[in-house]
Structures are given as C-alpha cells and as structure tokens.
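In case you want the letters, here they are:
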Amino acid sequence: MQATLKVPRIHCDGCVNTVTSAVRKLPGVQTVQASEVTKEVRVEFDPGQVSEQKIRAALSLVGYPPA
Ligand SMILES: [Cu+2]
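Residues numbered from 1 in each chain as written. Predicted model: local features only at pLDDT ≥ 70, side-chain atom pairs only at ≥ 80, totals over all residues. Heavy atoms only, no water.

If you check an unreviewed UniProt entry, the protein appears there as Heavy-metal-associated domain-containing protein from Candidatus Segetimicrobium genomatis.

Next up, the structure:
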C-alpha cells in the first residue's frame, strides 16, 4: 500500500532526514521518500503491520504533522 502525505514543515535536508528516519523505523514500512521541494512524504507500507494513521502519528511526534 502507498500513501503520499503533505508535510508543510519540511524545508531542508535536515527535515528530510528527520522525517525519513522517523517513518522508516516503523515496523511494516517498506520505503520512504521525502522531498523538501514538494514537501511530500511517500511511504510504501504493509497495511497488515502499520497504518497511514500510525505513520501520521509518528510524523507529528517528531514535529512534522502532515496537513
Ligand atoms: Cu529543515
């Protein structure tokens, strides 16, 4: 399953790294691609192990709440 989340607070490489590592460590997340240009985070995940809601929560927890 794939989700694309808009995360307005991503504005530099540091943000991209923070966001990527926060999402990547969730069990069931397969790939994470974040962009400071589009301010989007694309996530591929196994819906049996993790949900879009959990991914959103993990982003909020590190200070990057999805829009
Ligand atoms: Cu930044």
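Engineer: Sorry, what's going on with the overall build of the protein here?
Structural biologist: Within the protein one finds 2 helices and 3 strands. Along the protein, helices and strands appear, N-terminal first, in the series β-α-β-β-α. Computed over its C-alpha atoms, the radius of gyration of the protein comes to 10 Å, within 12% of the 11 Å expected for a compact globule of 67 residues. The principal-axis extents of the C-alpha atoms in the protein amount to approximately 30 × 20 × 20 Å. Taking all 67 residues of the protein together, the buried fraction comes to 34%. Put simply, 56% of the contacts in the protein that link residues at least 6 apart link residues at least 24 apart. Here the protein has roughly 4000 Å² of accessible surface; of this, 51% comes from carbon and sulfur atoms. (Helix = DSSP H or I, 4+ residues; strand = E, 2+ residues; numbered from the N terminus. Rg over C-alpha atoms; globule rule 2.2 N^0.38 Å. Buried < 20%, exposed > 50% of the residue type's maximum accessible area, 1.4 Å probe, protein only. Contact = heavy atoms within 4.5 Å. Areas by Shrake-Rupley, 256 points an atom, 1.4 Å probe, with all protein chains shown as cover.)

Engineer: Could you clarify how one ought to interpret the nonpolar core in this entry?
Structural biologist: If you look at soluble globular proteins, the nonpolar side chains tend to sit buried side by side. Within the largest apolar cluster, 18 residues are counted, with the highest numbers of intra-cluster contacts made by Ile10, Val41 and Ile55. Looking at this core element by element, the count peaks at 4 residues for helix 1 (residues 13–24). Setting aside anything within four residues of it in sequence, one finds valine 41 in contact with Ala3, Thr4, Leu5, Val7, Ile10, Val19, Val32, Gln33 and Ala34. (Core = buried A, V, L, I, M, F, W, Y, C linked by side-chain atoms within 4.5 Å.)

Engineer: What is the right way to read the environment of glycine 14 from this model?
Structural biologist: One can find glycine 14 in helix 1. In this structure, the C-alpha to C-alpha distance between glycine 14 and glutamate 36, residues 22 residues apart in sequence, is 9.5 Å.

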